[in-house]
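Below are the chains, spelled out letter by letter.
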Amino acid sequence: MTNSTIKFVHVNKKFGKNQIISDLNFEIKRGEFVTVLGSSGSGKTTTLKMINGLEKPTTGQVIVNGKDVSSCNLVELRRHIGYVVQSIGLFPHMTIAQNIAVTPKLLGWNKDKINQKVDSLLKQVGLEPEQYKKRYPIQLSGGQQQRVGVARALSTNPPILLFDEPFSALDAIIRQNLQQEIKSLHQKLSDKTFFFVTHDINEALFLGDKVMVMNHGQIEQFDTPEALVSKPATDYVAQLLDTVRQNKALWEHLND
């Protein structure tokens, strides 16, 4: 049995005449936390959306859990993939418990099983069930809502979780706290594959077991954070790393 969870084979993607993705090839193993780094227009979100079939490749194959996405049942595929986005997308007229229970209800789980799962997931993301499950999204902070979004994505125990810049709209302190929590969560759920899109290089280096750097629809480097920092493969990767070094130098100067 293969250990591969996500595989792209010679994938190209066009929108009209615009080439967004060019001959993309990579493989992600089960349990890896992969961060995808790139500026706007680099193709990182399009790549993520091809994993759960929200976008289809123009040519090439996207293989998820051993199945070609283009020929599989997309509803069934998405039941095995959690999806966390920047806008969170909680239903405002539903309580927190009802939001988390959306997919389990669709799958016909009984009430007791759903209630147990909701309580377990809220505890997992650091929210006390008795305090939060009867509240509505508007009664929660942005950071708390994002935690609920993660809990909802985990509701059916999917082997893959996709994150599309989930923390970019949050303030720096909340964002840093959630980065710590999501890293800790992955360590607890070591059999799950996390695919996390970001434009923040510090976030990418901190979270990822491996970092995929994209530019103009191609991979500049796909490696561990340590290898990325010590041996940048291209000028583009080196320029990204220079921004981190410049910030570090600024703080060192200010603290002198």
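Residues numbered from 1 in each chain as written. Predicted model: local features only at pLDDT ≥ 70, side-chain atom pairs only at ≥ 80, totals over all residues. Heavy atoms only, no water.

Looking up the protein in an unreviewed UniProt entry gives the name ABC-type quaternary amine transporter, with the organism given as Lactobacillus ultunensis DSM 16047.

Some details on the sheet that holds strand S5 (residues 67-68)
Operational definition: Only strands joined by at least two bridges in the DSSP assignment are considered to pair. Labels follow the DSSP assignment, with helices taken as runs of H or I lasting at least four residues and strands as runs of E lasting at least two, numbered in each case from the N terminus.
The antiparallel open sheet is built from 4 strands, whose spatial order is S2-S1-S4-S5. Either end of the sheet is taken by a strand with one partner, and the two such strands are strand S2 (18-29) and S5. As paired strands, strand S1 (residues 4-15) and S2 are joined by 8 bridges and run antiparallel to one another. Pairing of Lys14 across the sheet is with Gln19, part of S2.

Concerning the sheet that holds strand S3 (residues 33-37)
Inclusion rule: Here an angle of 0 to 180 degrees is reported between the N-to-C directions of two axes, which are lines fitted to C-alpha atoms, with helices fitted over the stretch in contact. Contacts: residue pairs with any heavy atoms within 4.5 Å of one another.
With mixed pairing, the 6 strands of this open sheet are ordered in space as S6-S7-S8-S3-S9-S10. Bordering the open sheet on either side are strand S6 (81-85) and strand S10 (218-223), each of which pairs with just one other strand. Sheet twist, expressed as the average angle between the axes of neighbouring strands with direction ignored, equals 15°. When strand S9 (residues 210-215) meets S10, the two strands line up antiparallel, connected through 5 bridges. When the bridges of S10 are listed, Met214 appears paired with Ile219. Helix-sheet contacts for helix H1 (residues 44-51) involve S3, S6, strand S7 (160-164), strand S8 (193-198) and S9, and the interaxial angle to S8 is about 150°.

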